Amino acid sequence: MMAAMTNWTVARAGRTNARKALLLRVGMDLGTGGALGPIFPDGRFEYMPIPESEPARDPRQYSTLLGRQGRPRSDFLPGR
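Residues numbered from 1 in each chain as written. Predicted model: local features only at pLDDT ≥ 70, side-chain atom pairs only at ≥ 80, totals over all residues. Heavy atoms only, no water.

Visitor: Teacher, can you tell me more about the overall build of the chain here?
Guide: Each helix and strand counted, the chain has 0 helices and 2 strands in total. A total of 80 residues make up the chain; the buried ones form 19% of that total. In the chain, the proportion of contacts linking residues at least 24 apart, taken out of those at least 6 apart, comes to 20%. Of the roughly 6,600 Å² of accessible surface on the chain, a fraction of 55% belongs to carbon and sulfur atoms. (Helix = DSSP H or I, 4+ residues; strand = E, 2+ residues; numbered from the N terminus. Buried < 20%, exposed > 50% of the residue type's maximum accessible area, 1.4 Å probe, protein only. Contact = heavy atoms within 4.5 Å. Areas by Shrake-Rupley, 256 points an atom, 1.4 Å probe, with all protein chains shown as cover.)

Visitor: Explain the pattern of salt bridges to me, please; I cannot follow it from the model alone.
Guide: Should the charged atoms of two oppositely charged side chains come close, the side chains can pair. One pass over the structure, following the stated rule, counts 4 salt bridges. Notably, a salt bridge pairs R73 with E46, separated by 3.3 Å at the nearest N-O pair. With R73 in the segment after β2 (15–25) and E46 in the segment after β2, this pair connects stretches of sequence that are 27 residues apart. The buried category is assigned to E46, whose relative accessible area is 3%. (Salt bridge = Lys/Arg side-chain N within 4 Å of Asp/Glu carboxyl O.)

Visitor: Looking at this structure, I do not really get the nonpolar core. What am I missing?
Guide: Proteins that are soluble and globular tend to have nonpolar side chains buried together. Ranked by size, the top nonpolar core spans 7 residues in total: M28, A35, F40, M48, Y62, F76 and L77. With residues up to four places along the chain from it excluded, the contact list for F40 reads F45, E46, Q69 and F76. (Core = buried A, V, L, I, M, F, W, Y, C linked by side-chain atoms within 4.5 Å.)

Visitor: Where do I start with the side chain of E46 in this structure?
Guide: Looking at E46, its side chain comes within polar contact range of the main-chain nitrogen of R68, at 2.9 Å. Residues contacting E46, with those up to four places away along its chain left out, are G37, P38, F40, G67, R68, Q69, R73 and F76. (Polar contact = N/O pair within 3.5 Å; in protein donor to acceptor, adjacent residues only side chain to side chain.)

Visitor: Could you clarify how one ought to interpret the packing of aromatic side chains in this entry?
Guide: The geometry of an aromatic ring pair comes down to the distance between the two centres and the angle between the two planes. All told, the structure shown has 1 aromatic pair when counted by the stated rule. Taken together, a centroid distance of 5.8 Å and an interplanar angle of 75 degrees make the contact between F40 and F76 edge-to-face. With F40 in the segment after β2 and F76 in the segment after β2, this residue pair connects regions lying 36 residues apart in the sequence. By relative accessible area, which is 16% here, F40 ends up buried. (Phe/Tyr/Trp six-rings, centres within 6.5 Å; stacked < 30°, edge-to-face > 60°.)

Visitor: How should the side chain of D29 be read in this particular structure?
Guide: Examined against the element boundaries, D29 turns out to sit in the segment after β2. Excluding anything up to four places from it in sequence, D29 contacts G34, A35 and L36.

Visitor: For this particular structure, what's the right way to read a nonpolar patch on the surface?
Guide: The grouping of L22, L24, V26, I39, F45 and Y47 at the surface amounts to a nonpolar patch, some 620 Å² of accessible area in total. One can find Y47 in the segment after β2. According to the relative accessible area criterion, Y47 is partly exposed, its value standing at 38%. (Patch = residues over 30% accessible without salt bridge, like charges linked within 9 Å, V, L, I, M, F, W, Y side chains within 5 Å.)

Visitor: What is the right way to read the environment of G67 from this model?
Guide: As for its position among the elements, G67 is in the segment after β2. Residue classification places G67 among the buried residues on the basis of a relative accessible area of 12%. With residues up to four places along the chain from it excluded, the contact list for G67 reads E46 and R73.

Written as structure tokens, this is what we have:
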């Protein structure tokens, strides 16, 4: 997992508020897995685990893991 802390300033109605955010890299992205997890129109997203780089003993695959939408996670990956 990679993490980064960032600072930014929000100016609102003549006031300035400093804000902080913690950005975490915990799921699949273009650099680890070659795809992005989907973001749905209502703002929800589907977490996509980072694929194993070596054969795993765990029998679960994207095609057998149902997401929060009730669909296999493989539905959200580009065709191979």
